[in-house]
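Single-letter residue listing:
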Amino acid sequence: MVDFEVRPCRQPVPAARRKELLAAPGFGRTFTDHMVTLRWSTERGWHDGRVEPYGPLVLDPATSVFHYAQECFEGMKAYRQAGGSIALFRPEENAARFNRSAERMAMPPLPEETFVRALELLVSQDSEWVPDAVGTSLYLRPFMIATQPALGFTLPSDSYLFCVIASPATAAFGAGAVPRPLTVWLSEDYTRAVPGGTGAAKTGGNYAGAFKATQQAVANGCDQVVWLDAAEHTWVEEMGGMNLFFVQRSDDGSPRIVTPPLTGTLLPGVTRDSLLTLAPRLGIAAEERRISVGRWREQCAAGELTEVFACGTAAVITPVGQVKSASGDWQIGDGEPGPVTLRLREELLGIQHGHCPDPYSWVHKAC
Ligand SMILES: *Cc1c(COP(=O)(O)O)cnc(C)c1O
């Protein structure tokens, strides 16, 4: 079992300043007093685990991650519970996905219990940084980078750094009970992921390649890009940070949520999986099925597709109100957050914050 030495920070952020920061944290702008570091080398395996003061990493300019982007990361949250304790949500899922990403990037696996232990230690060390309003949380960012200082590019690095940082957060796109619906841009010229590529791995390169399309989306008055399949530019994949769900009405009027299947080119979201499990218990059928842009548009026009929402750890569940593309624009329903979207959002936040029963034992007490 890998161990961590705790080296407490001597100059933590003063309590009054921390309170100010926690009142309106935004997303990913302020960081807690500590971080976790853990190193790996071919000779020693995982070693030198620490909880230490948050601060800069000093790296040789030849460090391979700077040149070849061999890295992977995770995104998860610690939630203040009704009774004051702090919980993680399905951390074993993030640990398993982290290892799948590492495997794809030819990086060493990290034992799942070490991954979860690192999170628990950081959360308990910086527990005062976990905000308590519903819709706020402590965002946790575990990541691993290749640290060999060498420009050779045929073989993967022989050393790695695993690190976890933490940042108090308001849900992305607003914490309010009714989030503002997004306007999305269908990217018809750029592609996020291809079969055999890295689309299913949580790795920075997928994001680096997406900024150009996001700039195009913003230039067209949109918030986010919807990515389509690489071969036909027809099938909806995801939003490059959030998975997508479509709400359809069955013939008898009952709602059904549909999300594209995991084809290897989209990221298997923990939120996506949780909703597929959760919805049927709320009387909402759930299905994995591919959906084309043409059908999306037709079904909106026919009133058969009444809501669309995006989901992910950062965004929780956020409605989509409008779609724009080079070949035309349309509105989803009345453009306002729909009842299925809001119901699922309330249930998910309720479980995460310990206000609703947790029938699947997803909530993992951290401290
Ligand atoms: C992290 C991520 C998601 C959402 O996954 P969650 O586990 O639900 O947070 C969706 N798409 C991409 C590309 C991602 O990186």
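Residues numbered from 1 in each chain as written. Predicted model: local features only at pLDDT ≥ 70, side-chain atom pairs only at ≥ 80, totals over all residues. Heavy atoms only, no water.

### Thoughts on the site of the ligand
If you check the shell around the ligand, you find 15 residues, and the closest are K202, Y207, E238, T271 and T313. Interatomic distance of 3.4 Å between a backbone N/O atom of G241 and a nitrogen atom of the ligand. Within the contact set of the ligand, an oxygen atom lies 2.8 Å away from a backbone nitrogen or oxygen of V270. Taken together, the residues of the shell around the ligand break down into 4 nonpolar, 7 polar and 4 charged. (Near = heavy atom within 4 Å. Polar contact = N/O pair within 3.5 Å; in protein donor to acceptor, adjacent residues only side chain to side chain. Nonpolar A, V, L, I, M, F, W, Y, C, P; charged D, E, K, R; others polar.)

### So, helix α3 (residues 91–104)
For α3, built from 14 residues, the straight-helix expectation of 20 Å at 1.5 Å per residue is met to within 8% by its first-to-last C-alpha distance of 20 Å. Along α3, the positions that sit buried rather than exposed are P91, N94, A95, R97, F98, N99, S101 and A102. (Helix = DSSP H or I, 4+ residues; strand = E, 2+ residues; numbered from the N terminus. Expected span 1.5 Å × (residues − 1). Buried < 20%, exposed > 50% of the residue type's maximum accessible area, 1.4 Å probe, protein only.)

### Focus: the packing of helix α7 (residues 270–278) against helix α9 (residues 339–352)
Where α7 contacts α9, the axes come no closer than 11 Å and their chain directions differ by 110 degrees. Looking at the two axes, α7 sits roughly perpendicular to α9. When α7 is examined against α9, the residues T271, S274, L275 and L278 are found in contact with a partner set consisting of L344, E347, L348 and I351. (Axes fitted to C-alpha atoms, helices over the stretch in contact; angles between N-to-C directions. Parallel < 35°, antiparallel > 145°, perpendicular 65-115°, else oblique. Contact = heavy atoms within 4.5 Å.)

### Examining a nonpolar patch on the surface
Together, Y68, L151 and F153 make up an exposed nonpolar region whose accessible area comes to about 350 Å². You can see Y68 is positioned in helix α2 (residues 64–68). (Patch = residues over 30% accessible without salt bridge, like charges linked within 9 Å, V, L, I, M, F, W, Y side chains within 5 Å. Areas by Shrake-Rupley, 256 points an atom, 1.4 Å probe, with all protein chains shown as cover. Salt bridge = Lys/Arg side-chain N within 4 Å of Asp/Glu carboxyl O.)

### So, the state of the cysteines
Per the stated rule, a full pass over the model turns up 0 disulfides. Of all cysteine sulfurs in the structure, the one in C163 sits closest to C9, which takes part in no disulfide; the separation is 15 Å. Between C311, a free cysteine, and C356, which holds the nearest cysteine sulfur, the sulfur-to-sulfur gap is 17 Å. Take C311: its relative accessible area is 1%, and that puts it in the buried class. (Disulfide = S-S within 2.5 Å.)

### Considering the pairing of strand β2 (residues 34–41)
Summarising burial for β2: 7 of the 8 residues are buried, a large majority. Where β2 and strand β3 (residues 45–53) come together, 7 bridges link them in antiparallel fashion. Among the inter-strand pairings, H34 is bridged to a residue of β3, identified as P53. What sits between the antiparallel neighbours β2 and β3 is a turn of 3 residues. (Pairing = 2+ DSSP bridges.)

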